[in-house]
Amino acid sequence: LFNKDVKSEQKENLMGNINVYPNGSFIRKHTDNDPDGNRLFTILFFLNKGRTDKDGSLLKLYTDNDVIDIIPDFKKCVLIEHQKYNYTHEVTKNISNDVRYSIYSPFTINDYNLKLVN
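What counts, and where the lines are drawn
Residues numbered from 1 in each chain as written. Predicted model: local features only at pLDDT ≥ 70, side-chain atom pairs only at ≥ 80, totals over all residues. Heavy atoms only, no water. Helix = DSSP H or I, 4+ residues; strand = E, 2+ residues; numbered from the N terminus. Buried < 20%, exposed > 50% of the residue type's maximum accessible area, 1.4 Å probe, protein only. Contact = heavy atoms within 4.5 Å. Areas by Shrake-Rupley, 256 points an atom, 1.4 Å probe, with all protein chains shown as cover.

1. Topic: the overall build of the protein
Broken down by element type, the protein carries 1 helix and 10 strands. Ordered by position from N to C terminus, the α and β elements of the protein give β-β-β-β-β-β-β-β-β-α-β. In the protein, buried positions account for 35% of the 118 residues. Long-range pairs, those at least 24 residues apart, make up 85% of the contacts in the protein with a sequence separation of at least 6. Carbon and sulfur atoms make up 49% of the accessible area of the protein, which totals about 7,700 Å².

Shown next, in the form of structure tokens:
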């Protein structure tokens, strides 16, 4: 990461979150809360296989000129770079009986300064 290694004492401290979307669940349109402007990026990994747009639970990114629909599939990884693009986004309603899973981790300037070495 950034051509640096994670400090050995920090390897257990990298933060991650698991999102679980059962049938009927969604996240309303929002931007990620970053009151100090410290968040460099958020990385998002999808854990499901074989989902289609008909299943719902799409990640929708709203750019200045476009709306990007991302089908949550384990072959995809999304990186949102917050210093330039803190996109408004949402997760549409899961209309499938299959639970939709993802893992995301924000990475801040403090993470960069405190947790990485050359």
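Continuing now.
2. As for the environment of Arg28
Within the element layout of this structure, Arg28 appears in strand E3 (residues 27-30). Sequence-wise, Arg28 and Thr88 are 60 residues apart; in three dimensions their C-alpha atoms are separated by 10.0 Å. Not counting the four nearest positions on each side in its chain, Arg28 is found in contact with His89 and Glu90.

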